[in-house]
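# Coordinates in review
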Amino acid sequence: MGNSNGEPTPPEDLSEALIQRIDALELPELKSLLSYVEQRIDALRTPIEEEIEANAAGEVLDIENHGAYAIVRKHPPDPDGDGANTEITSLYHVRREPQLDGTESLHWAYLGDVHNNTQTRCETCGRTLDEDVDTCPHCGSDDIDNSDTEE
């Protein structure tokens, strides 16, 4: 929000001295400050991979972090009981979504099911890997099952 002359209204929880220092900055300095603040926020928040693992229903197979969003491959929950339905692999676009109360939650957008893909699994952690890897990037194991299976 701003006041009648178009200037922003400073938040009440910032000190007057800090507001004065920020108001004295020119546009290039403000852009640098914004970049720094965004980096600080990213450094302080829980990594998106950890949030996805903690909140996902079913079995997460792979998370590709693209910064502003992640692509997640997972088996959905088994409708007939506990665990995951390993016959289906679904693809999701996941991003952090700001809430009205100032918090964030994960927004999951279903992209579709993946069919007839060969997969390589790590025998130690069970994660799905690219076909050409010899060492699991998730746990460091070289116990890789290179047999072709279909999803």
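The preceding data block contains the structure.
Residues numbered from 1 in each chain as written. Predicted model: local features only at pLDDT ≥ 70, side-chain atom pairs only at ≥ 80, totals over all residues. Heavy atoms only, no water.

## Considering the overall build of the protein
For the protein, the count of helices and strands is three helices and seven strands. Per-residue burial for the protein yields a buried fraction of 24% across its 151 residues. Accessible surface, the protein: about 10700 Å² in total, of which carbon and sulfur atoms supply 48%. (Helix = DSSP H or I, 4+ residues; strand = E, 2+ residues; numbered from the N terminus. Buried < 20%, exposed > 50% of the residue type's maximum accessible area, 1.4 Å probe, protein only. Areas by Shrake-Rupley, 256 points an atom, 1.4 Å probe, with all protein chains shown as cover.)

## Details of the layout of surface pockets
Of the voids in this model, the largest pocket is the one considered here, and its volume is about 310 Å³. When contributions to the lining of the largest pocket are tallied by element, the ones reaching two or more residues are α1 (16-23) and α2 (27-44). At three residues, α1 tops the list of elements feeding residues into the lining of the largest pocket. Split by residue class, the lining of the largest pocket holds nine nonpolar, one polar and two charged. (1 Å grid on protein atoms, 1.4 Å probe; cavity = no way out; pocket = protein on both sides within 12 Å on 5 of 7 lines; lining within 4 Å. Points joined across faces, edges and corners; volume = space filled by probe spheres on them. Nonpolar A, V, L, I, M, F, W, Y, C, P; charged D, E, K, R; others polar.)

## Structural notes on the sheet that holds strand β1 (residues 59-65)
On the basis of which strands lie adjacent, the open sheet formed by four strands has the order β1-β2-β3-β4 and antiparallel pairing. Both outer strands of the open sheet, β1 and β4 (104-114), are each paired with one neighbouring strand and no more. Direction aside, the axes of adjacent strands within the sheet are offset by 25° on average. Here ten bridges tie strand β3 (residues 89-98) to β4, and the two strands are oriented antiparallel to one another. The partner of E97 across the bridge, within β4, is S105. Across the sheet, helix α3 (residues 48-55) touches β1, β2 (70-75), β3 and β4, and the angle it forms with β1 is around 160°. (Pairing = 2+ DSSP bridges. Axes fitted to C-alpha atoms, helices over the stretch in contact; angles between N-to-C directions. Contact = heavy atoms within 4.5 Å.)

## Some details on the packing of aromatic side chains
Summed over the entire model, instances satisfying the criterion amount to two aromatic pairs. Each ring, one from Y92 and one from W108, has its centre 5.4 Å from the other, and the planes form 80°; the classification is edge-to-face. Within this pair, whereas Y92 is found in strand β3, its partner W108 is found in strand β4, the two being separated by 16 residues in sequence. Here Y92 falls in the buried class, since its relative accessible area comes to 15%. Among the aromatic residues, those joined into a cluster by ring pairs are Y92, W108 and Y110. (Phe/Tyr/Trp six-rings, centres within 6.5 Å; stacked < 30°, edge-to-face > 60°.)

## So, a nonpolar patch on the surface
A grouping of Y36, V37 and I41 is seen on the molecular surface, where their side chains present a nonpolar patch of about 280 Å² in accessible area. Along the chain, the position of I41 falls in helix α2. (Patch = residues over 30% accessible without salt bridge, like charges linked within 9 Å, V, L, I, M, F, W, Y side chains within 5 Å. Salt bridge = Lys/Arg side-chain N within 4 Å of Asp/Glu carboxyl O.)

## Describing the environment of G140
The topology assignment puts G140 in the loop between β6 (128-129) and β7 (144-145). Its relative accessible area of 48% is what places G140 among the partly exposed residues. Each C-alpha atom, one on G140 and one on T124, is 9.1 Å from the other, the two residues being 16 residues apart in sequence.

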